[in-house]
Each structure stands twice: as C-alpha cells, then as structure tokens.
Amino acid sequence: MSLVAMTALLVLAGCSNGQDDANNDGQKAATTGDVLRIGTEGAYAPFNYTNADGTLGGFDIDIANALCADMKTTCEITAQDWDGIIPGLKAGKYDAIVAAMSVTPEREQQVSFTDPYFSNTLVFLAKKDSNFDPSNSGDIDSHSIAAQRSTISSQWLEKAYPKADMKLYDTLSNAFLDLGSSRVDAMVSDKLPALEWLGTSAGSNYALKGDEIDINDNFAIAVRPGDALQAKLNQALANIKADGTYDKINQKYFAVPQIVSTVNAETTAKPAK
C-alpha cells in the first residue's frame, strides 16, 4: 500500500508540474506568438469606435495595427466595456490595452504601461449661449456637470471640485446624450472626443468653455506587470515614430479645424502633440 501511495503521489506531482508548465507556456504564447490580442473600448471616438458593420476603427486601432505590423505579428482586437477593461487584461482575455488610457498611480498598481503615445488635455463644454464659465469655481459648483465614470476627466473633477453636482456615465456617448438633451448643464471631457462631438449635428449648439486644462495627462498601452511585451511595444512605438507612420496616423485623425471657446477667444483646438 505504501508503494502504491508513493507512486500515486509521484503521478500527481508530475501532473501538477505539467499543468504549471502548460500555463507558463500559454502565458508566453500570449505575448510572443503570431497573434497579439488587443483590448479596446470601441466607444471613444476618435480614438476608438465601432463602425456600423461592427468593425472597430479609430486612432487607437490604427496605432495597434501599426505596432503589430512592426512586430511582424497579427492584431486581434476586441471591444470591452470600460469598467471591465483592466480586469479583462488581468484575467488574460487579451495581452494589451490600447484604449486612450491615461497613466495614473492607481492604474500603475494593477498594470504596467509602455511609453506614452499621446498627450491629452481636458475641456469643458456647454451651450453656446450659456454663461457657464469654468474659470469661476462657483459656476462649476452651481451647475450639473457630466463626465464618464472611471476616467481621468471624472477623477480630476471629483478631486478639484468635490462640491460640484457631478453626473457620471458608463460611456462617453451617454454623457454627450444627456448634455445634448439639456439634462445636464455642462460636461468635462478629453479634448479630442469633445471636438469630435462638437462637429456632429447633436453638438452644433454647443461650444468649448474656458481654457484647455493641462493636467500632464498621457495615454499609454497597458500590459500585465512583468510581461516582456512591454519592452517590445516600446521598441515598436519608437520605430513607428521614427519612420513617419505615427505622424501619418496622427494627421489622419487630428488635423481638426479651429474651434474657438465662447469664454476665452484665444482658446483653440490645436493639433495633437
């Protein structure tokens, strides 16, 4: 019986080691194989959006495909709701997040970031004929302000103006919908999605209010901590910037016309950095 028990234990140990090796191999395959799995939101134009036919498009998508081309791998890009995008990465649903994600200390506790690939500023929007002036903190505290939940915009608003009547939304589209329906007085957003919305019929009666808000916000690609993919993506980013690919993609999406603020006439939409 003792010999049988020892044999069984050895078999189980062998199975356990084999399973660990298989898991390790699977983790390596996820970041070094012929397919690189990318997660994005698909609802944050012009950075990422879902087309009528269900395909994904936008600046992030083109950047991801350019990085995959440089790394000689194939991109497999899937959409994921924003609130679940980091949990999805940690659970192994994809290998990297390319989704206009701001680098924050809180997120750095969960993921590792590549070098930045975009610099962002925040803006306020309200009706053109509104007297809302974000340079006056009393105006912010006395108006209902929309923002997308769990984004740098809402986090900044919560920290800078804790007394404000904040209305938080699961998607940027829903926040814009309530702004356009006058269910909120104003909105704070990343600049370029705001400009994208102002160029639509729904945003035609709205304008930027006040100056751009520079909070040293940078977008980067998120990967799991300790993943060798981080260094590979950094090299690919450097390559597409050096060979002009990045500039072509940037120009495609961000060669926007000037939109003047109704509060400060010197505030204009500038080309992305």
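Structure: see above.
Residues numbered from 1 in each chain as written. Predicted model: local features only at pLDDT ≥ 70, side-chain atom pairs only at ≥ 80, totals over all residues. Heavy atoms only, no water.

### Some thoughts on the environment of Asn 136
Then, in step 1: Within the secondary structure, Asn 136 is located in the loop between strand 8 (118–127) and helix 5 (137–141).
Then, in step 2: Each C-alpha atom, one on Asn 136 and one on Gly 210, is 9.6 Å from the other, the two residues being 74 residues apart in sequence. (Helix = DSSP H or I, 4+ residues; strand = E, 2+ residues; numbered from the N terminus.)

### What to know about unusual backbone geometry
Then, in step 1: Residue Pro 46 is bonded to the preceding Ala 45 through a cis peptide linkage, with omega at 5°.
Then, in step 2: Considering the arrangement of structural elements, one finds Pro 46 in the loop between strand 2 (43–44) and strand 3 (48–50).
Then, in step 3: The backbone of Ser 182 shows a phi angle near 65°, a positive value even though the residue is not glycine.
Then, in step 4: Tracing the backbone through its elements, the reader meets Ser 182 in the loop between helix 7 (172–180) and strand 11 (186–190).
Then, in step 5: Even without glycine at this site, Asn 216 takes up a positive phi of about 55°.
Then, in step 6: With respect to the helices and strands, Asn 216 occurs in strand 12 (residues 206–219).

### A look at the packing of aromatic side chains
Two aromatic rings, taken as a pair, are described by how far apart their centres are and by the angle between their planes.
Then, in step 1: Taken as a whole, this structure holds 18 aromatic pairs when the rule is applied.
Then, in step 2: Taking 5.7 Å as the distance between ring centres and 65° as the angle between the ring planes, the aromatic pair formed by Phe 59 and Phe 118 counts as edge-to-face. You can see Phe 59 sitting in helix 2 (residues 59–70) and its partner Phe 118 sitting in strand 8, a full 59 residues away along the chain.
Then, in step 3: The buried category is assigned to Phe 59, whose relative accessible area is 0%.
Then, in step 4: We classify Phe 118 as buried; its relative accessible area is 4%. (Phe/Tyr/Trp six-rings, centres within 6.5 Å; stacked < 30°, edge-to-face > 60°. Buried < 20%, exposed > 50% of the residue type's maximum accessible area, 1.4 Å probe, protein only.)

### Side note on the state of the cysteines
Then, in step 1: As enumerated under the stated definition, the model contains 1 disulfide in all.
Then, in step 2: Shown here is the disulfide that connects Cys 68 with Cys 75, its sulfur atoms set 2.0 Å apart. Between Cys 68 and Cys 75, the S-S dihedral sits near 85°, and the bridge is therefore right-handed.
Then, in step 3: Given a relative accessible area of 17%, Cys 75 falls into the buried group. (Disulfide = S-S within 2.5 Å.)

### Looking at the packing of helix 2 against helix 10 (residues 245–254)
Then, in step 1: Running from N to C, helix 2 and helix 10 point in directions that differ by 165°, and their axes come no closer than 10 Å. Between helix 2 and helix 10, the crossing angle belongs to the class labelled roughly antiparallel. For the element pair helix 2 and helix 10, the recorded crossing hand is right-handed. Contacts between helix 2 and helix 10 involve Phe 59, Asp 62, Ile 63 and Ala 66 from the first element and Thr 245, Tyr 246, Ile 249, Asn 250, Lys 252, Tyr 253 and Phe 254 from the second.
Then, in step 2: Across the contact of helix 2 with helix 10, the residue classes break down as 7 nonpolar, 2 polar and 2 charged. (Axes fitted to C-alpha atoms, helices over the stretch in contact; angles between N-to-C directions. Parallel < 35°, antiparallel > 145°, perpendicular 65-115°, else oblique. Left-handed = near helix turned anticlockwise from the far one by under 90°. Contact = heavy atoms within 4.5 Å. Nonpolar A, V, L, I, M, F, W, Y, C, P; charged D, E, K, R; others polar.)

### Side note on the sheet that holds strand 12
Then, in step 1: With mixed pairing, 5 strands are arranged side by side in an open sheet as 10-9-11-8-12. The two strands at the open ends of the sheet, each matched to only one other strand, are strand 10 (165–169) and strand 12. Strand after strand, the sheet turns through a mean of 25° between neighbouring axes, direction not considered.
Then, in step 2: Bridge analysis of strand 8 against strand 11 gives 5 bridges, and the strand direction is antiparallel. Of the residues in strand 11, the one forming a bridge with Leu 122 is Asp 190.
Then, in step 3: Packed onto the sheet, helix 7 meets strand 8, strand 9 (144–148), strand 10, strand 11 and strand 12 and runs at close to 150° relative to strand 11. (Pairing = 2+ DSSP bridges.)

### Some details on the nonpolar core
Then, in step 1: One finds Phe 47, Phe 59, Phe 118 and Leu 125 to be the most contacted residues of the largest nonpolar core, which totals 45 residues.
Then, in step 2: Those elements giving two or more residues to this core turn out to be strand 1 (35–40), helix 2, strand 8, helix 7, helix 8 (191–198), strand 12, helix 9 (229–242) and helix 10.
Then, in step 3: No other element matches helix 2, which puts 6 residues into this core.
Then, in step 4: With residues up to four places along the chain from it excluded, the contact list for Phe 47 reads Gly 57, Gly 58, Phe 59, Asp 60, Ile 61, Ala 100, Phe 118, Leu 192, Pro 193, Phe 219 and Phe 254.
Then, in step 5: Counting 15 residues, the second-largest nonpolar core is a separate cluster that includes Ile 140, Trp 156, Tyr 161 and Val 188. (Core = buried A, V, L, I, M, F, W, Y, C linked by side-chain atoms within 4.5 Å.)

### What about the sheet that holds strand 3?
Then, in step 1: Spatial ordering of the open sheet is given by 2-3-4, a layout of 3 strands whose pairing is antiparallel. If you trace the sheet from one side to the other, it starts and ends with strand 2 and strand 4 (56–57), each paired once.
Then, in step 2: Pairing analysis gives 2 bridges linking strand 3 to strand 4, with the strands arranged antiparallel. Looking at strand 4, one finds that Tyr 49 is bridged to Gly 57.

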